[in-house]
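This is what each chain is made of:
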Amino acid sequence: MVSGEPVESGAGDRGSADVAALIPLVRRIVASRVPDPATADDLVQETLTRVLAAAGRVEPGLLEPYAIVTARNTVASMWRDQDRQRRHQHRVVDLRPPQAPDEDVLAREDRTAVAEALTRLSDRERTTLLAHEVSGQDTRSLAAELGSTAGAVAAQLNRTRARLRVEYLLVSERAEPPTERCRPVLLAISGGDRRRQREVDAARHMLECDLCARLSEPLMGRGRSRDDAVRVAVRTDADVVAARQAAREVATRLGFSATDVTLIATAVSEMTRNIVRFADSGEVVVAELQEPRTGISIVARDAGPGIPDVEQALQDGYSTYRGLGLGLPGARRLMDEFAVVSEIGRGTTVTMTRWRGEA
Amino acid sequence: MNDGPRLFSILRQGPYLIASVHTALDDSQLVRFQNDLVERIGSDRARGVVIDVAALDVLDSFASRTLRDMAEMARLRGAVTVIVGIQPDVAFAMVQLGMDTGRVVTALDLEEGLAELDRGARDPTAQRP
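Residues numbered from 1 in each chain as written. Chains lettered and ligands numbered in written order. Predicted model: local features only at pLDDT ≥ 70, side-chain atom pairs only at ≥ 80, totals over all residues. Heavy atoms only, no water.

Peer 1: What is the right way to read the overall build of chain A from this model?
Peer 2: Helices and strands together make up the secondary structure of chain A, namely 15 helices and 5 strands. When the 359 residues of chain A are sorted by exposure, 39% land in the buried category. Partitioning the intrachain contacts of chain A with sequence separation of at least 6 by distance along the chain shows that 61% fall at a separation of at least 24. Just so you have it, chain A exposes about 20,400 Å², and 51% of that area is on carbon and sulfur atoms. (Helix = DSSP H or I, 4+ residues; strand = E, 2+ residues; numbered from the N terminus. Buried < 20%, exposed > 50% of the residue type's maximum accessible area, 1.4 Å probe, protein only. Contact = heavy atoms within 4.5 Å. Areas by Shrake-Rupley, 256 points an atom, 1.4 Å probe, with all protein chains shown as cover.)

Peer 1: Whenever I open this one, helix α3 (residues 63–88) of chain A confuses me. Can you help?
Peer 2: One turn of an α-helix holds 3.6 residues; hence residues three or four places apart share an orientation. Compared with the 38 Å implied by 1.5 Å per residue over 26 residues, the 37 Å span of α3 of chain A between its first and last C-alpha is a close match. Among the residues of α3 of chain A, Leu63, Ala67, Ile68, Thr70, Ala71, Thr74, Val75, Ser77 and Met78 of chain A are the ones counted as buried. (Expected span 1.5 Å × (residues − 1).)

Peer 1: Sorry if this is basic, but what is going on with the interface of chain B and chain A here?
Peer 2: A common way to express how large an interface is: the accessible area buried when the components associate. Counting residues at the interface gives 22 residues for chain B, matched by 24 residues for chain A. Around 2,100 Å² of area is buried between chain B and chain A when both sides are counted, 53% of it from carbon and sulfur atoms. The largest contributions to the chain B side of the interface with chain A come from Arg65, Asp89 and Leu97 of chain B, which together make up 27% of the buried area. Here chain B and chain A share 6 salt bridges between them. Between Arg244 of chain A and Asp60 of chain B there is a salt bridge; the shortest N-O distance is 4.0 Å. In this assembly, chain B and chain A are joined by 12 residue pairs in polar contact (both at pLDDT 80 or more). Taken together, the elements giving at least two residues each to the side of chain B that touches chain A come down to α1 (27–43), α2 (61–76) and α3 (88–97) of chain B. No other element matches the 6 residues that α3 of chain B contributes to the side of chain B that touches chain A. Here the residues of the side of chain B that touches chain A sort into 10 nonpolar, 4 polar and 8 charged. (Buried area = accessible area lost by both parts, 1.4 Å probe. Salt bridge = Lys/Arg side-chain N within 4 Å of Asp/Glu carboxyl O. Polar contact = N/O pair within 3.5 Å; in protein donor to acceptor, adjacent residues only side chain to side chain. Nonpolar A, V, L, I, M, F, W, Y, C, P; charged D, E, K, R; others polar.)

Peer 1: Help me understand the packing of α1 of chain B against α2 of chain B, please; the structure alone is not making it clear to me.
Peer 2: Between two packed helices, what matters for the description is the angle formed by their axes and the separation of those axes. All names here are of chain B. Axis separation between α1 and α2 bottoms out at 10 Å; the angle between their running directions is 10°. When the axes of α1 and α2 are compared, the pair comes out roughly parallel. Between α1 and α2, the residues in contact are Asp27, Leu30, Val31, Phe33, Gln34, Leu37, Val38 and Ile41 and Phe62, Ala63, Thr66, Asp69, Met70, Met73 and Ala74, respectively. Grouping the amino acids of the contact of α1 with α2 by side-chain chemistry returns 11 nonpolar, 2 polar and 2 charged. (Axes fitted to C-alpha atoms, helices over the stretch in contact; angles between N-to-C directions. Parallel < 35°, antiparallel > 145°, perpendicular 65-115°, else oblique.)

Peer 1: Even after reading the chapter, I still don't get the packing of aromatic side chains, so can you show me in this structure?
Peer 2: All names here are of chain B. Counted by the stated rule, this structure contains 1 aromatic pair over all chains. Between Phe8 and Phe33, the aromatic rings sit 4.7 Å apart at their centres with planes inclined by 45°, giving tilted as the arrangement. Pair noted here: Phe8 is in strand β1 (residues 8–13) and Phe33 is in helix α1, with a separation of 25 residues, a long-range link. Phe33 carries the same exposure label as Phe8, and that label is buried. (Phe/Tyr/Trp six-rings, centres within 6.5 Å; stacked < 30°, edge-to-face > 60°.)

Peer 1: Help me understand helix α12 (residues 237–253) of chain A in this model?
Peer 2: Residue and element names in this part refer to chain A. With 17 residues, α12 extends 25 Å from end C-alpha to end C-alpha; this agrees with the ideal 24 Å at 1.5 Å per step. Residues of α12 that are buried: Asp239, Val240, Val241, Ala243, Arg244, Ala246, Ala247, Val250 and Ala251. After α12 finishes, the residue Gly255 shows a positive phi value of roughly 90°.

Peer 1: Please explain the packing of helix α4 (residues 103–119) of chain A against helix α7 (residues 150–172) of chain A as it appears in this structure.
Peer 2: All names here are of chain A. Closest axis-to-axis distance for the α4/α7 pair is 8 Å, and the angle between their directions is 125°. As the angle between them shows, α4 and α7 are arranged oblique. Here the hand of the crossing between α4 and α7 comes out right-handed. Only Leu164, Glu167, Tyr168, Val171 and Ser172 of α7 make contact with α4, whose side of the interface consists of Asp110, Ala113, Val114, Glu116, Ala117 and Leu118. A per-class count over the contact of α4 with α7 returns 7 nonpolar, 1 polar and 3 charged. (Left-handed = near helix turned anticlockwise from the far one by under 90°.)

Peer 1: How do you make sense of the sheet that holds strand β4 (residues 337–343) of chain A when you look at a structure like this?
Peer 2: Note: strands within a sheet are paired through backbone hydrogen bonds, in either parallel or antiparallel orientation. All names here are of chain A. Taken together, 5 strands build an open sheet; the order of strands is β1-β2-β3-β5-β4 and the sheet is antiparallel. One side of each edge strand has no neighbouring strand; the edge strands of this open sheet are β1 (229–234) and β4. Averaged over all pairs of adjacent strands, the angle between strand axes in this sheet comes to 10°, irrespective of strand direction. Here α12 sits on the sheet and contacts β1, β2 (282–289) and β3 (295–302); the angle it forms with β1, its principal contact strand, is near 170°. (Pairing = 2+ DSSP bridges.)

Peer 1: What is the right way to look at the side chain of Ser216 of chain A in this model?
Peer 2: All names here are of chain A. Within the element layout of this structure, Ser216 appears in helix α11 (residues 210–220). Residue classification places Ser216 among the buried residues on the basis of a relative accessible area of 4%. Reaching out from Ser216, the side chain makes a polar contact with the backbone oxygen of Ala213 at a distance of 2.9 Å. The residues contacting Ser216, other than those within four sequence positions of it, are Leu186, Ile189 and Met206.

Peer 1: Looking at this structure, I do not really get the pairing of β4 of chain A. What am I missing?
Peer 2: Consecutive side chains of a regular strand alternate in pointing toward one face of the sheet and then the other. All names here are of chain A. Relative to strand β5 (residues 347–355), β4 is paired through 7 bridges, and the arrangement is antiparallel. Residue pairing for β5: Ala339 is matched across the bridge by Thr351. Counting the residues that bridge the hairpin from β4 to β5 gives 3 residues, and of these Gly345 lies at a positive phi of roughly 80°.

Peer 1: What am I meant to see in the sheet that holds strand β3 (residues 48–52) of chain B here?
Peer 2: Residues and elements named next belong to chain B. Taken together, the 5 strands give an open sheet; going across it, the order is β1-β2-β3-β4-β5, and neighbouring strands pair in mixed fashion. The outermost strands of the open sheet, each flanked by one partner alone, are β1 and β5 (105–107). Put simply, the sheet's adjacent strands are angled 25° from each other on average, direction ignored. Bridge count between β3 and strand β4 (residues 80–84): 5 bridges; the pairing is parallel. Bridging from a neighbouring strand, Val49 pairs with Thr81 of β4. Where α1 meets the sheet, its contacts fall on β1, β2 (16–21) and β3, and the angle it forms with β1 comes to roughly 20°. Here α2 sits on the sheet in contact with β3 and β4, set at roughly 155° to β4.

Right under this line is the structure:
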């Protein structure tokens, strides 16, 4: 409703005069939707505030339709809010159990452990991590300060978090790593970096080191979802078939030839049978390799009695049961890379790799 | 060990038994296969056995040894054994693995296997080394 008043005055005055003329219209629209007069009044005020704020931007002739739409939207968003509140009302109830008496102490210990772990980071790591996590500074502005890229900062932050997790566990366990290999191994596991884990031979170290075997458990849960490895728990004869079929599937997906797939499945079959026969249980992990070439990596791991003389076991015809004595040496011939690590009383890990030929 | 459905069949064909594996067998199923077959050789008074392993995805050391043992047991029970249907990829893997399978008679398929048994029946002096 454009008023007939002359418009010599400033834009702001003109706007408010126009908006004042819209009041009856807005009131009518809101009243027809909201029965409660007090609520309706609030909504009219809100609508008018919005229209007034927008008056400068809206063409004079279009102020009326703008007001109509705004009034409707204001009412609609009130309904939405009410609905949301109704749906979420149950959440207002605090379902947390009452605090246990030791919770405070535990929380304090936890804080101490985190603080102690933080002191073990380098200054630069700590500063960057705190700026990001506590002050909420984003990676881009951090990158600008550090003369780096956002991606590099994010990667650095990930490594720092991985280190913090390791240090935190070490502090809260009050443990000092017994060997100098422990930290690199734990870091690789904490970061979920499988290439690094292979480089430091994490699987072997965990069989050897009690502390790392224990600490790796909370660290392992991380990053498993994006794992492209297939794990087969091995206990019985049937698992031998399951493991070799898993290897067959992965190898086929990677584009190995039918012959190679059978070779790989045969090797997996041999190694899995060894687990069933010599250890009570174990696992076979079949993983894809993309670096440096496409390949398949198979790790057969058990916590069995171990092999007393690996060199001897790798000889053809050496057999402790009535087998052909072909298990280890045969599988070695079928694969490109083959490594056996075994420790008496601790277990055996066989790692084997086959690279895909250039097809 | 001997529960669950049989994943192999042993059928009689004249004086011969045709033993076919239907799917990949695990070790205990293989042992069951071996025991059943040796039993059937006696109860059916079979003179020859064809073992069809075309359905086996892998012939690893255990499976190879079991087949070799089966052939040897059958021989001791008076039957000649021919193994048929070893897939080319499986054969390749067996050689790579270093399996010694020299003493076992093989044929390409069931037809060849039965023909082989017929030849052996006609000329009993033509025993395998």
